[in-house]
Every structure is written in structure tokens, then in C-alpha cells.
Amino acid sequence: MSELAEFVAIAHRIVWCTLATVDARGRPRSRVVHPLWTVEADASLVGRVTSRRSSPKSAHLAAHPYASCSYWDRQHDVAVAECHAEWDPEPARSWHLFTEPDPPVGFDPAAMFAGGLSSPDAGIVVLRPWRVRWGRAAELAAGARPTVRSLGAATSDRCHR
């Protein structure tokens, strides 16, 4: 299993994470979301979150296009992704990704939107991490350090535009 696949395994086992964004006044705001993570053919990690375009996230991402995803469970396993975040300009090309995995990771995103996926309010936030951190509690309790990875200059450059 690749290192990033280990991050995905923890995130997908926990399923729900806290997503934090920052509003136009610099104040943080958190909410619980259900991201889907993929390791792409170029070995990059990409997260996707279905969301209403009318949600406060739209204004937050317009002001500050960054988000932090934090996973934690009762076993104390953790996974954190610090990301550049933006609306997918063509969400229709990614809807199928949400239905492919078995539940609870996979789900029908059409159920979230009045009018289904054709609703003008239906959107996908794309998360491109520049830094990820994860660890399994049993290993951390035995003295292991969490795994921390910075994800490439190209991703980092995109995150700081």
C-alpha cells in the first residue's frame, strides 16, 4: 500500500471529517462533511466534497481558497489534510466517483440536492492537499510518530496563488 493510500484508508474508514474554512473577516468556521479521496494516476491526492453552491463555503473559498480536513475516531486514529480548495468547474465529470465505493464511503449525491445533480446549487469542492498527516493510535501509543508528508512543489505552488 502506498503511503497516500494509507491516508485514504484511515479517512475512508472514519468517513466523516471536520472541514474548516475561513470567512472574509479571517474567522474560522467548521462543519462535518463526507469527502471522497482518490490517489490519481500521477500519484497526487485529491479530495472531493459535494456541497451546495449557496452554502457559506462559497463565500469563504472566494475569500480564502483553503481548507483543513481533520479525521478522528474513538480508536484515536487521525488523518489531517491541509488543502487548496476550489469549486469544480465541471462537477458532472466527477459525480460517478461518489457512487462507486460501497457505503458508507460511497453514496448517491443526487439525494442532497432538490432537483438532483442537475440543480444549479449542486457542486463539488475539490481539495488538493499540500500537507497531510496521519497515524494509527496503536502505533502512536507504541512510540511511533505520525506520518507527515508535504506533497510536491507543483501542488504547493497551486495552493499559494
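Check the entry above for the structure.
Residues numbered from 1 in each chain as written. Predicted model: local features only at pLDDT ≥ 70, side-chain atom pairs only at ≥ 80, totals over all residues. Heavy atoms only, no water.

Regarding the pairing of strand β3 (residues 36-39)
Item 1. Pairing geometry for β3 and strand β4 (residues 45-52), over four bridges, is antiparallel. What sits directly across from W37, in β4, is G47.
Item 2. The loop that links β3 with its antiparallel partner β4 comprises five residues; one of these, A43, has a positive phi angle of about 75 degrees. (Pairing = 2+ DSSP bridges. Helix = DSSP H or I, 4+ residues; strand = E, 2+ residues; numbered from the N terminus.)

Re the pattern of salt bridges
Between side chains of opposite charge, pairing is possible as soon as their charged atoms come close.
Item 1. On inspection of all chains with the given rule, the structure shows nine salt bridges.
Item 2. For R136, the salt bridge goes to E6, with nearest N and O atoms at 2.6 Å. Taken together, the residues R136 in the loop between β7 (122-135) and α4 (137-141) and E6 in helix α1 (residues 3-14) connect sequence positions 130 residues apart.
Item 3. For E40, the salt bridge identified is with R48, shortest N-O distance 3.8 Å.
Item 4. Connected through salt bridges with shared partners, the residues E6, R13, D73, D77 and R136 form a single ionic network. (Salt bridge = Lys/Arg side-chain N within 4 Å of Asp/Glu carboxyl O.)

A closer look at the nonpolar core
Buried together is how nonpolar side chains tend to be arranged in soluble globular proteins.
Item 1. If you look at the biggest cluster of nonpolar residues, it comprises 26 residues, and the most contacted ones within it are F7, W37, L45, L127 and V132.
Item 2. At the level of elements, α1, β1 (17-22), β4, β5 (66-72), β6 (78-87) and β7 are the ones that each hand at least two residues to this core.
Item 3. With six residues, α1 is the single largest residue contributor to this core.
Item 4. Among residues more than four places away in sequence, those in contact with L45 are L4, F7, V8, W37, T38, V39, L127, R128, P129, V132 and L151.
Item 5. L36, F98, A122 and V126 belong to the second-largest nonpolar core, a separate cluster that totals 11 residues. (Core = buried A, V, L, I, M, F, W, Y, C linked by side-chain atoms within 4.5 Å. Buried < 20%, exposed > 50% of the residue type's maximum accessible area, 1.4 Å probe, protein only. Contact = heavy atoms within 4.5 Å.)

Points about the pairing of β6
Item 1. Counting buried residues along β6, seven of its 10 residues qualify, which places the element largely inside the surrounding structure.
Item 2. As defined by bridge partners, β5 adjoins β6 across seven bridges and the pair is classed as antiparallel. Each bridged residue has a counterpart across the sheet, and for A67 the counterpart in β6 is C83.
Item 3. Two successive antiparallel strands, β5 and β6, enclose a turn made up of five residues, where H76 displays a positive phi of approximately 75 degrees.

Section: helix α2 (residues 56-63)
Item 1. Within α2, burial applies to K57, S58, H60 and L61. Axial view of α2: buried residues confined to an arc of 170 degrees, hence all on one face.
Item 2. Check the buried side of α2 and you find it contacts β1, β2 (28-33), β4, β5, β6 and β7. (Arc of directions from axis to C-beta.)

Considerations on the packing of aromatic side chains
Item 1. Tallied over the entire structure, the rule returns six aromatic pairs.
Item 2. Their ring planes at 70 degrees and their centres at 6.1 Å tell us that F7 and W134 sit as a pair that is edge-to-face. Residue F7 is found in helix α1, and its partner W134 is found in strand β7; the two are separated by 127 residues along the sequence.
Item 3. Look at W134 and you get buried, because its relative accessible area is 4%.
Item 4. Ring geometry for W95 versus F98: centroids 6.3 Å apart, planes at 45 degrees, classification tilted. Of this pair, W95 and F98 are both found in helix α3 (residues 95-99), three residues apart, which corresponds to roughly one turn of the helix.
Item 5. Under the relative-accessibility criterion, F98 is labelled buried at 1%.
Item 6. Here the aromatic residues W95, F98, F107 and F113 are joined through ring pairs into a cluster of three or more. (Phe/Tyr/Trp six-rings, centres within 6.5 Å; stacked < 30°, edge-to-face > 60°.)

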